[in-house]
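Coordinates in review
Here's the letter readout for the chains.
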Amino acid sequence: MTLDSKSPPGPIDKKWEYAKAHYKLVNPANKRKYDVIVVGAGLAGAAAAASMAELGYNVQCFVYHDSPRRAHSIAAQGGINAAKNYQNDGDSIYRLFYDTVKGGDYRSRESNVYRLAQLSVNIIDQAVAQGVPFAREYGGLLENRSFGGVQVSRTFYARGQTGQQLLLGAFQALERQIGLGRVKMYPRHEMLDVVLVDGQAKGIVTRNLVTGTITSYAADAVVLATGGYANVFYLSTNAKASNATAIWRAYRRGAYFANPCYTQIHPTCIPQSGDFQSKLTLMSESLRNDGRIWVPKVAGDARRPDQIPESERDYYLERKYPSFGNLAPRDIASRGAKEVCDEGRGVGPGGRGVYLDFADAIKRLGRSVIEERYGNLFDMYADITAENPYETPMRIYPAPHYTMGGLWVDYNLMSTIPGLYVGGEANFSDHGANRLGASALMQGLADGYFVLPVTIGDYLAGQLGKKVSADGAEFKQTQAEVEQRIGKLVGAKGKRSVDSFHKELGNIMWERCGMARTAEGLKSAIADIRVLRDQYWRDVRVLGTNEEPNQALERAGRVADFFDLGELMCIDALAREESAGGHFRVEYQTADGEAKRNDDDFLYASAWQFKGDNAAPELHKEALVYEEVKLATRSYK
Amino acid sequence: MDLTLQVWRQASRTADGKFVTYEAKGISPDASFLEMLDVVNEELTERNEQPIHFEHDCREGICGSCGMMINGVAHGPIGGTATCQLHMRHFKDGDNIRVEPWRARAFPIIKDLIVDRSPLDQIIQAGGYISVNTGSAIEANTLLIPKAVQERSMDAAECIQCGACVAQCPNGAAQLFTSAKVSHLGLLPQGQPERYDRVVRMVEVMEEHFGSCTMFGECEAVCPKEISIDFIARMNRDYLAAKFRTRKSEAGAT
């Protein structure tokens, strides 16, 4: 199957208009005849569910949380980008598009990214209308801050809780539709499979997390907005329940998985402090606006930071990237930290940390300004580390944070399974090999509010009179397979807890498929994952039954899928014999240690097709065509 | 550090529950309260006992999933903190800690420390939003909002819907939660058209499920986001004003 991106013809700034003008429409009176399932209610899912219900579709929305407002979008801190150019600093839709393509190291699809930049301005309007309390200037106008990888101020924010406020906007829009009876909400329901009828996505199978009941639901189309898979590393900044099961089940049913190896390791997280650690906490990238990153010049310098004089400090990002300094893109900042720690210059316990120092900013602006900008982040840091960041520099270290890879989708956000749409972090569409800060919120909301509700009509228009029932044979078959798999997990009755396996898998992934990857390391990782996975299915211990709330069982299914996904990530990383963005292959670097792309051989998105449990996945390539942006070596110097 | 826990165990909504004593040994003072429970749960699994069920997700104090009564106090002894951000360094070696689920009639127990908080969503469904369909928004900067108003609105909007306010209240009231949403939206110019309708609809649903507010102030004391009870007074004023308005319009006045 050749991958058709379905990018519309015409000049880049007219493609979305062209597409909208040529989509088939569903007439308003007919919309209520269509059922759409939305899985997940983060920014993309809640926005899509609410917007489609506003249009008149019957929406069923499924989340594993007790309320849609718990989705992990809520934890995004720093902000959301939009090309409003309110600061008069030379910003434009084109510049946001260009920055995103460049930031992604020229591995994204131009047409999608341009549409994202166009829609960014509508998102801000929509959010403000919903009552999102973005930061404002004294004159009452919206305020902006800067983020990494760009030289304009285009980031809108609500204290350090931008994700929370944007999600509440989408959540409230969704709750309004639930109240009006246009969305049927299914909280505490986890999707465990997608059901295909004649090759089209026509429903899902879920487990009720309170009763254990396995149920099938039918619809005319299915939207997955189930987030990313950084928890494959066990320790990440993701919420504990964030998982890949929904997209992984879809992959096994025929949806291609694109660029699984593109993972983002965020440079500013609180370093790990012990084996008990259950997750890593992000400190927003916005801190790099005012904080300066440094380590001692000499390896093994054990002095307290305030005893290390200026001349013996290495502000390595400012030194290496003078024009972007501490606001270098995430992949570059993370590798920089790893490098200095590998040289023995890291600080804090275990030497895995670098300083993020606000002393200069406090001197320049005063403590109260810093408090206003970052107060809640400083409090969070103090809570976790028992250190006061106003007085001593923060210690930070990179941690898995976001996954640019995801299910392959065309311009309309439809996967390779007809009728199966994918939005937000769950798809691969917009960020290439590295995502810029404050762009995840933008993409989730663009997909949810403005893209999916429009593109899905083009498909649904052809589905009139093709309703299926959840009692059909395909549903019964899929449901039986789901039940069988649960039976296997509960029935293993082994000796080791789910978490102990997950930690071991995470360690393999972090060491060999993390910030620096080699062919040798990846090959051994694949072999080790296979051995561990076999052991898992024999020796995992899930106590209790399916017919009750069972958190170990919930985790067991998710970790089982992480094994398979982890393997595919390594296969993809091994096949991509170049370095690009967050994917750094040690064998492919420039003389000064920067990522070395190979545009001659790897200017494509990798899309993997599942071929069976005991067969190698098949690689399909979507060639990336750059008509607007000229391919160049990324430079932030 | 070593601790003794008494944890409420209850298999289901209808089952009888009881306190069970567990020893938590070798806990790092840098661990969070939930990470301490993780350690206990790994040991329970080892011993073939079902782990303690508790709700949690982001572990950054923002998703609002977690929450338990720790020695009788919602989210434990440190103010302005959700359970996931409560660290063990705030306890002493050898401490006895009693762990219970949220206590409120409106929040029935699902299992162990997990409760059903869905009535809070129903309050939002009743009116906790601004009615604006996707696509019909005006240009964002055509609306001027004084910085102080936006800051005040944000103070209320920070609520994480954890339910601690209800759990701590002797009356099981949800006034702090409801007033936070009423104020977040009612303070903003965008929220004005529905301001009085909104407060009436939300308060009505709130009263179906929750107790009455008698201004104990316990909610404010345990709120992980330190949301002020001043918002309750604000909600009451709006509610009263709304009722006068209704009476006027019923009488045909304008």
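Residues numbered from 1 in each chain as written. Chains lettered and ligands numbered in written order. Predicted model: local features only at pLDDT ≥ 70, side-chain atom pairs only at ≥ 80, totals over all residues.

**Considerations on the overall build of chain B**
We apply this condition: Every helix listed is a DSSP run of H or I at least four residues long, and every strand listed is a run of E at least two residues long, numbered separately from the N terminus. Put simply, a residue is buried when 20 or more other C-beta atoms lie within 10 Å of its own C-beta and exposed when 12 or fewer do; between those, it is partly exposed, and each C-beta is set from the backbone. Each residue gets a C-beta atom placed from its backbone, and two residues are in contact if those atoms lie within 7 Å.
Counting its secondary structure elements, chain B contains eight helices and seven strands. With respect to the three principal axes, the spread of C-alpha positions in chain B is 70 × 40 × 35 Å. Across the 254 residues in chain B, those meeting the buried criterion constitute 53%. Expressed as a percentage of contacts within chain B between residues at least 6 apart in sequence, the contacts between residues at least 24 apart total 69%.

**Thoughts on the pairing of strand β1 (residues 3-9) of chain B**
Residues and elements named next belong to chain B. Cut-off, in case you're wondering: Between any two strands, pairing holds if DSSP finds at least two bridges.
The sheet contact formed by β1 and strand β2 (residues 18-24) spans seven bridges and is antiparallel. Bridge pairing links V7 to V20 in β2. Relative to strand β5 (residues 96-100), β1 runs parallel, the two sharing four bridges. For L5, the partnering residue across the bridge sits in β5 and is I97.

**Notes on the sheet that holds strand β19 (residues 604-609) of chain A**
Residue and element names in this part refer to chain A. The test is simple: Axis definition: a line fitted to C-alpha atoms, over the contacting stretch in the case of helices. Angles run 0 to 180 degrees between N-to-C directions.
Pairing in this open sheet of four strands is antiparallel, and the strands run β17-β11-β19-β20 from one edge to the other. What marks the edges here is a single partner per strand, and that holds for β17 (406-407) and β20 (618-623). Lying over the sheet, helix α16 (residues 551-575) contacts β11 (257-258), β19 and β20, oriented at roughly 140 degrees with respect to β19.

**Considering the pairing of strand β13 (residues 292-296) of chain A**
All names here are of chain A. Of all the five residues making up β13, four are buried; the element is thus mostly covered by neighbouring parts of the structure. Examined bridge by bridge, β13 and strand β15 (residues 354-357) share three bridges and lie antiparallel to one another. When the sheet's bridge partners are listed, W294 is paired in β15 with Y355.

**As for the environment of A104 of chain B**
All names here are of chain B. With respect to the element layout, A104 can be found in the loop between β5 and β6 (109-111). Distance in space between the C-alpha atoms of A104 and Q168 is 8.4 Å, their sequence separation being 64 residues. Among residues more than four places away in sequence, those in contact with A104 are V166, A167 and G172.

**Quick look at the domain arrangement of chain B**
Residues and elements named next belong to chain B. Worth spelling out the cut-off: Note that domain bounds follow an automatic or database assignment of domains. Under the grouping applied here, Gly and all other residues not named as nonpolar or charged are polar, the nonpolar ones being Ala, Val, Leu, Ile, Met, Phe, Trp, Tyr, Cys and Pro and the charged ones Asp, Glu, Lys and Arg.
Taken domain by domain, chain B comprises domain 1 (3-111) and domain 2 (117-250). In this assembly, 19 residues from domain 1 lie in contact with 17 residues from domain 2. Residues that form the side of domain 1 that touches domain 2 fall into these classes: ten nonpolar, seven polar and two charged.

**Topic: the domain arrangement of chain A**
It is common to give the size of an interface as the accessible area lost on bringing the parts into contact. Looking at chain A, the domain boundaries give domain 1 (265-400) and domain 2 (489-623). The element that contributes the greatest number of residues to the side of domain 1 of chain A that touches domain 2 of chain A is helix α9 (residues 330-342) of chain A, accounting for five residues.

**Quick look at the packing of helix α6 (residues 162-179) of chain A against helix α12 (residues 440-460) of chain A**
Residues and elements named next belong to chain A. Keep this limit in mind: Note on angle classes: values under 35 degrees are labelled roughly parallel, values over 145 roughly antiparallel, values of 65 to 115 roughly perpendicular, and the remainder oblique.
Where α6 contacts α12, the two axes come as close as 11 Å, and the packing angle between them is 10 degrees. By the angle between their axes, α6 is roughly parallel relative to α12. Residues T162, G163, L166 and A170 of α6 pack against L441, L445 and G448 of α12. Looking at the contact of α6 with α12 residue by residue, the class counts come to four nonpolar, three polar and no charged.

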